[in-house]
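Geometric and topological summary
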2 protein chains.
Amino acid sequence: MSVQRWKIGVFDSGFGGLTVLRALLRRLPEADYLYLGDTARLPYGSKSRETIVRYALSSTRFLIDQGADFLVIACNTASALAFDAIRAASPVPVLGVIETGADEARRSSRTGDILVIGTAATIESHAYAAACRERGLRALEKACPLLVPLVEEGWLDHPVTREVVRIYMDELLGQARQSDSHPDVLVLGCTHYPLLRPAIEAAAAAGLRVLDSAEATAAEAVRRLKSAESAPRSVTPGQRRFFATDSIAKFQSLGARFLESPVEDIVLVDLGG
Amino acid sequence: MSVQRWKIGVFDSGFGGLTVLRALLRRLPEADYLYLGDTARLPYGSKSRETIVRYALSSTRFLIDQGADFLVIACNTASALAFDAIRAASPVPVLGVIETGADEARRSSRTGDILVIGTAATIESHAYAAACRERGLRALEKACPLLVPLVEEGWLDHPVTREVVRIYMDELLGQARQSDSHPDVLVLGCTHYPLLRPAIEAAAAAGLRVLDSAEATAAEAVRRLKSAESAPRSVTPGQRRFFATDSIAKFQSLGARFLESPVEDIVLVDLGG
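Residue indices follow the written sequence of each chain, beginning from 1 at its first position. For naming, the first written chain is A and the first written ligand is 1, with later ones following in the order written. For this predicted model, a pLDDT threshold of at least 70 governs which residues receive local features, and a threshold of 80 or more governs which side-chain atom pairs are given and counted, while totals over whole chains, interfaces and linings are taken from all residues. Hydrogens and waters are ignored; side-chain quantities use all the structure's heavy atoms.

Further remarks concern the overall build of chain A. Only DSSP runs of H or I reaching four residues or more are called helices, and only runs of E reaching two or more are called strands; each is numbered from the N terminus. Looking only at helices and strands, one finds 11 helices and 10 strands in chain A. Each radius of gyration reported is based on C-alpha atoms, and the globular scaling rule is 2.2 Å times the count of residues to the power 0.38. In summary, chain A has a C-alpha radius of gyration of 18 Å against a globular reference of 19 Å for 273 residues, a match within 12%. Referenced to the eigenvectors of the C-alpha coordinate spread, the extents of chain A come out at roughly 60 × 40 × 35 Å. Burial status across chain A gives 63% buried among its 273 residues. Contacts spanning at least 24 positions in sequence make up 75% of the contacts within chain A whose residues lie at least 6 apart. Approximately 10800 Å² of chain A is accessible, and the part contributed by carbon and sulfur atoms is 50%. None of His or the chain ends enter the tally, which takes Lys and Arg as positive and Asp and Glu as negative. Charge placement uses NZ in Lys and CZ in Arg. For Asp and Glu, CG and CD serve respectively. With 31 positive and 33 negative side-chain charges, chain A shows a separation of 3 Å between the mean positions of the two kinds. Relative accessibility under 20% of the residue-type maximum defines a buried residue, over 50% an exposed one, and the middle range a partly exposed one, all with a 1.4 Å probe and only protein chains included. Residue contacts follow a heavy-atom distance rule, with two residues in contact if any of their heavy atoms lie within 4.5 Å. Each accessible area is a Shrake-Rupley result for a 1.4 Å probe, and residues are judged covered by the shown protein chains and nothing else.

Written out as structure tokens, the structure reads:
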């Protein structure tokens, strides 16, 4: 009797999506994983829709060519701006972090008022606001462009980071007060932000629950995969392969911070950029 | 009698090189200028040598195809990591900001001890240290990865920016004391940093002269062009054309901050990234 072993392609502009991979590995260690970090062209968050769509399509096409039979867009910016384009071009199912983040917000919120923080491109796309609206929620959004560079500088527990987070959160909470919103959920709309969770929780008002879409995305991916299974699943641990478009050495050192375990078997790929 | 009108190609990964263009326009308004900002692939400063060389070569090739007869590499990171590759591939003369910055440091320093701040890639290349050594100077270098994002966030005169600059400068000055160095010149090894000059001057020790290589590069370019002239120069004002690889709207708004005048006639180009 044949067994089924999923080959899951996880895509991010860089390292942040490794937090989604980490959550997937905990829940479904027996799948094979292909992770692509488009590190030569990061960050996506400061760029235009046209450029992000072009980059995301070439990246996901690469994962499909490598045999992925399920795609997780673990990058909020790519999910916000290129999800429809990726889904239209993909012969395999695609899951993005925005829809799963909004689903989780709906399950968690009592007031129906949600706060979202993310990169400039994610926030300017209003993809979270649209996904929240579809679920009967009202979202207030705020771009926080300095948080990714602070994480990449390694200033995770640092007075400057706490101050920058406080400034951004004060602006967002002030905006909520002015618009008579009563938020009880804050969505971390960027996969770098979970690394700043202590600073964000300290700056967030009491009673605001901080949600990270990595866990929600991993749970939803596993649910969809299980419902699509046509044969018993393999029980032996799967393989992990990593692909990066820039320096392998940097991917290895910075990636371990996000995956919380060593990153090995990395291949440098050229997507023509 | 024919007249000579130079067509000068100015290249940067983004907007910072517009400070060099501004200095050129003041000194040589009668030349034609082609400015390329490789905004779809910025920042270069966090990437590997191989990737930076590939991006810089395709960018400068574009300017040569557009008819540039003199190239200014107005990006410290590209000058640090790709200058030899660009010069080898270019049929026209090429000037980079590192050599002109080091020349200016030699003219300005009495002690022979120089401090340099720049992006991670520029500093890790030790291109400034090598250029200083060739000129009989000793350089201490420090990467300051948060300064570009702070400029792009527009926090030019902001307490967080002053604090980040103070932290970086304290580390660099501490390093100088430990190595018995007596620096009297600080080179701004990134074209974004002149926008932070007040914060940098406040954090620098008294007696440290802050040098910006934009002015030195423009002066050297004009000197070389004049010495190469074979016919009287045109005296009517030249044309300016701008090329960007990402959003024209963003180039227009952020570019004006660096050029200190409106940025018009921008063409979106695809370098295959």
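To estimate the expected span of a helix, count its residues, drop one, and scale the result by 1.5 Å. The first and last C-alpha atoms of helix α3 (residues 76-89) of chain A sit 19 Å apart over 14 residues, in line with the 20 Å expected at 1.5 Å per residue. By definition, a residue's bend is the angle between the axes fitted to the seven residues ending there and the seven starting there. Most pronounced at Ala82(A), the bend in α3(A) amounts to some 75 degrees.

Residues and elements named next belong to chain A. What marks off one domain from the next here is an automatic or database domain assignment. In terms of domain boundaries, chain A breaks down into domain 1 (7-96 + 216-268) and domain 2 (98-213). Look at where the C-alpha atoms of domain 1 and domain 2 centre, and you get two points 23 Å apart. Buried area, as used here, totals the accessible surface that two parts lose on assembly, with accessibility defined by a 1.4 Å probe and the loss added over both. Taken over both partners, the interface formed by domain 1 and domain 2 buries close to 1800 Å², and the fraction arising from carbon and sulfur atoms is 55%. When residues of domain 1 are sorted by the area they lose upon contact with domain 2, Asn-76, Ala-216 and Arg-257 head the list and together hold 31% of the total. Salt bridges are defined as contacts in which a side-chain nitrogen from Lys or Arg sits within 4 Å of a carboxyl oxygen from Asp or Glu. Counting the contacts that link domain 1 with domain 2 gives 1 salt bridge. Polar contact is defined as a pair of N or O atoms within 3.5 Å, subject to the rule that within protein one atom must be able to donate a hydrogen and the other to accept it, and that residues adjacent in sequence are counted only when both atoms are side-chain atoms. Counting across the domain 1 and domain 2 interface gives 12 residue pairs in polar contact (both at pLDDT 80 or more).

The next point concerns the side chain of Ser108(B). Residues and elements named next belong to chain B. Tracing the backbone through its elements, the reader meets Ser-108 in helix α4 (residues 97-108). Residue Ser-108 is classed as buried on the basis of its relative accessible area of 15%. Only 3.0 Å separates the side chain of Ser-108 from the backbone oxygen of Glu-104, close enough to count as a polar contact. At a separation of 3.3 Å, a polar atom in the side chain of Ser-108 contacts the side chain of Arg-209. Residue contacts for Ser-108: discarding those within four places in its chain leaves Asp-184, Val-185, Arg-209 and Leu-211.

A few words on the relation of the copies chain A and chain B. Alignment of copies: least-squares fit on C-alpha atoms of residues with pLDDT of at least 70 in both copies. Expressed as a screw transformation, the operator carrying chain A onto chain B has a rotation angle of 180 degrees and an axial translation of 0.0 Å, and the superposed copies differ by an RMSD of 0.0 Å. Here the transformation between the copies is reduced to the relation of a two-fold axis. A symmetric contact is evident, with 100% of the interface residues of chain A recurring at the interface of chain B.

Side-chain atoms within 4.5 Å link the members of a nonpolar core, which is a set of buried Ala, Val, Leu, Ile, Met, Phe, Trp, Tyr and Cys residues. By size, the foremost hydrophobic cluster in this structure holds 128 residues, and its most contacted members are Ile8(A), Leu186(A), Ile8(B) and Leu186(B). Not counting residues within four places of it along the chain, the set of residues in contact with Leu186(A) comprises Leu115(A), Val116(A), Ile117(A), Met169(A), Leu172(A), Ile200(A), Leu208(A), Arg209(A), Val210(A) and Leu211(A).

This paragraph deals with the pairing of strand β8 (residues 209-212) of chain B. Residue and element names in this part refer to chain B. When DSSP finds two or more bridges between two strands, those strands count as paired. As defined by bridge partners, strand β7 (residues 185-189) adjoins β8 across 4 bridges and the pair is classed as parallel. What sits directly across from Val-187, in β8, is Leu-211. Clockwise travel from the first strand over the helix to the second, with the strands pointing away from the viewer, marks a crossover as right-handed. In this fold, β7 hands off to helix α9 (residues 197-203), which returns the chain to β8; that crossover is right-handed.

Turning next to the interface of chain A and chain B. Contacts between the two partners involve 30 residues from chain A, matched on the other side by 30 residues from chain B. Together, the buried faces of chain A and chain B total about 2300 Å²; carbon and sulfur atoms form 56% of this surface. Inspection of the chain A/chain B interface yields 2 salt bridges. The shortest N-O distance in the salt bridge between Asp270(A) and Arg54(B) comes to 3.4 Å. Inspection of the region where chain A meets chain B yields 16 residue pairs in polar contact (both at pLDDT 80 or more). Broken down by secondary-structure element, the contributors of at least two residues to the side of chain A that touches chain B are α2 (49-65), α7 (147-152) and α8 (159-178) of chain A.

Once that is clear, we can look at the environment of Ser253(A). Residue and element names in this part refer to chain A. Relative to the helices and strands, Ser-253 is located in helix α11 (residues 248-259). For Ser-253, a relative accessible area of 53% gives the class exposed. The spatial distance from the C-alpha of Ser-253 to the C-alpha of Val-263 is 8.0 Å, given a sequence separation of 10 residues. A polar atom in the side chain of Ser-253 sits 3.2 Å from the backbone oxygen of Lys-250.

Attention now goes to the sheet that holds strand β8 (residues 209-212) of chain A. Across a sheet, strands are paired by hydrogen bonds formed along the backbone, either parallel or antiparallel in direction. Residue and element names in this part refer to chain A. What the 4 strands build is an open sheet, ordered β6-β5-β7-β8; its pairing is parallel. Each end of this open sheet is capped by a strand with a single partner; those strands are β6 (138-143) and β8. Strand-to-strand twist in this sheet, taken as the mean axis angle between neighbours without regard to direction, amounts to 25 degrees. Across 6 bridges, the pairing between strand β5 (residues 113-118) and β6 is parallel. Bridge pairing in β6 places Asp-113 opposite Arg-138. The sheet strands contacting helix α6 (residues 127-134) are β5, β6 and β7 (185-189), and the helix crosses β6 at an angle near 170 degrees. With axes taken as lines fitted to C-alpha atoms, and helix axes fitted only over the stretch in contact, angles between N-to-C directions fall between 0 and 180 degrees. In this fold α8 packs onto β5, β6 and β7, with an angle of close to 150 degrees to the strand it touches most, β6.

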